Amino acid sequence: VTAGSVSFERIADQYDATRGGLARGERCVAEFVTYLSPLAAPQPVVLEVGVGTGAIALPLHNAGFDVVGIDLSPAMLLRAQERIGSRVAAADAHVLPFPDGSVDAVVTVWVLHVVADPARVVAEIARVVRPGGRFVVLCADAVYNEDAGDDLAPIAHDLDVAVGRFKDAPTLVRRWADAARLRVVSETVTEAVVFAQSPNDVVAVIESRTGSAYWDLTDTQWQELVQPCIDRFRALPEPARRRDRAFANPMLVLERPL
Ligand SMILES: C[S@@+](CC[C@H](N)C(=O)[O-])C[C@H]1O[C@@H](n2cnc3c(N)ncnc32)[C@H](O)[C@@H]1O
């Protein structure tokens, strides 16, 4: 395994409950399924790299695709197996156990920010996807709707920057795609998920440290990077009042030229 990737082994029990579960997967698949429809095979093979608990894989399977998934974490894979059966395997995204050009499409949802070498992973994906096949990337990099009067958004943005959430920003994905000779078919942003959250709610989520960006921070890093943002959240007016918030992710559809 390539050192430096973040396995989700330690969060498998809480993963679905803290990331929207199957409902999020269904919304997410609805965003990109049309980009996979032009693939010619009757039941195209879609490889999900970083399949996790199968929250994306199951809706994709239900949409008629032949879904296979790989992940570093056995505990996450066990849950994916409960959802899509024995179509999952423990493997590293940097060294995919698939022959050249053997799958019709690849999907990564919230994955390129946690792999050790995303440029290499994109090149590896470009190898296994067939000519004319597609690669859908859903970035973890978050887009908040600041215009809607969400006074938490600027602080959330600064926190994301501080803890490195922009590791898979679209400009970087484009650069990796270019180096791997993948063509950009589309770059959009997913439909916003609207929810109500107070500054106190946000602080509670951060302090639960369920987000992977917080797992390996030392106390000193926490004090330098995270605590100032927690203090800013707490200093907002009416910290217990829930605000309407909107959250979305950038999405790129790439294609291996014929
Ligand atoms: C944020 S989760 C996303 C899971 C799933 N795609 C979803 O949207 O629910 C990231 C997943 O990538 C996996 N992962 C991290 N580095 C990896 C690597 N080098 N190879 C394969 N999987 C990896 C983690 O174990 C984790 O399950």
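Everything below is about the structure shown above.
Residues numbered from 1 in each chain as written. Predicted model: local features only at pLDDT ≥ 70, side-chain atom pairs only at ≥ 80, totals over all residues. Heavy atoms only, no water.

**Q** So what about helix α8 (residues 199-208)? Which residues, and what values?
**A** Those residues of α8 that fall on the buried side of the exposure criterion are Pro-199, Val-202, Val-203 and Ile-206. Along α8, the residues classed as buried sweep out an arc of 100° about the axis, all on the same side. Elements that come into contact with the buried residues of α8 comprise α6 (153-162), β8 (193-197), α9 (212-215), α10 (219-235) and β9 (243-248). Positive backbone phi, at 55°, marks Arg-209, one or two positions downstream of α8. (Buried < 20%, exposed > 50% of the residue type's maximum accessible area, 1.4 Å probe, protein only. Helix = DSSP H or I, 4+ residues; strand = E, 2+ residues; numbered from the N terminus. Arc of directions from axis to C-beta. Contact = heavy atoms within 4.5 Å.)

**Q** Could you give an account of the site of the ligand, naming the residues involved and the relevant values?
**A** Around the ligand, the surrounding shell holds 25 residues, and the nearest of these are Arg-24, Gly-50, Asp-71, Asp-92 and Ala-93. Between a nitrogen atom of the ligand and a side-chain N or O atom of Glu-48, the distance comes to 3.0 Å. At a separation of 2.9 Å, a nitrogen atom of the ligand approaches a polar backbone atom of Ala-93. When grouped by side-chain class, the residues that make up the shell around the ligand number 15 nonpolar, six polar and four charged. (Near = heavy atom within 4 Å. Polar contact = N/O pair within 3.5 Å; in protein donor to acceptor, adjacent residues only side chain to side chain. Nonpolar A, V, L, I, M, F, W, Y, C, P; charged D, E, K, R; others polar.)

**Q** Explain the sheet that holds strand β5 (residues 129-138) to me, using residue names and the numbers behind them.
**A** Where strands meet in a sheet, backbone hydrogen bonds hold them as pairs that are either parallel or antiparallel. Strand order across the open sheet formed by seven strands is β3-β2-β1-β4-β5-β10-β7, with mixed pairing between neighbours. The open sheet has two edge strands, β3 (88-90) and β7 (183-189), and neither has a second partner. Geometrically, the sheet is characterised by an average inter-axis angle of 15° between neighbouring strands, direction not taken into account. Where helix α5 (residues 118-128) meets the sheet, it contacts β1 (45-49), β4 (103-109) and β5, and its direction lies at approximately 145° from that of β5. (Pairing = 2+ DSSP bridges. Axes fitted to C-alpha atoms, helices over the stretch in contact; angles between N-to-C directions.)

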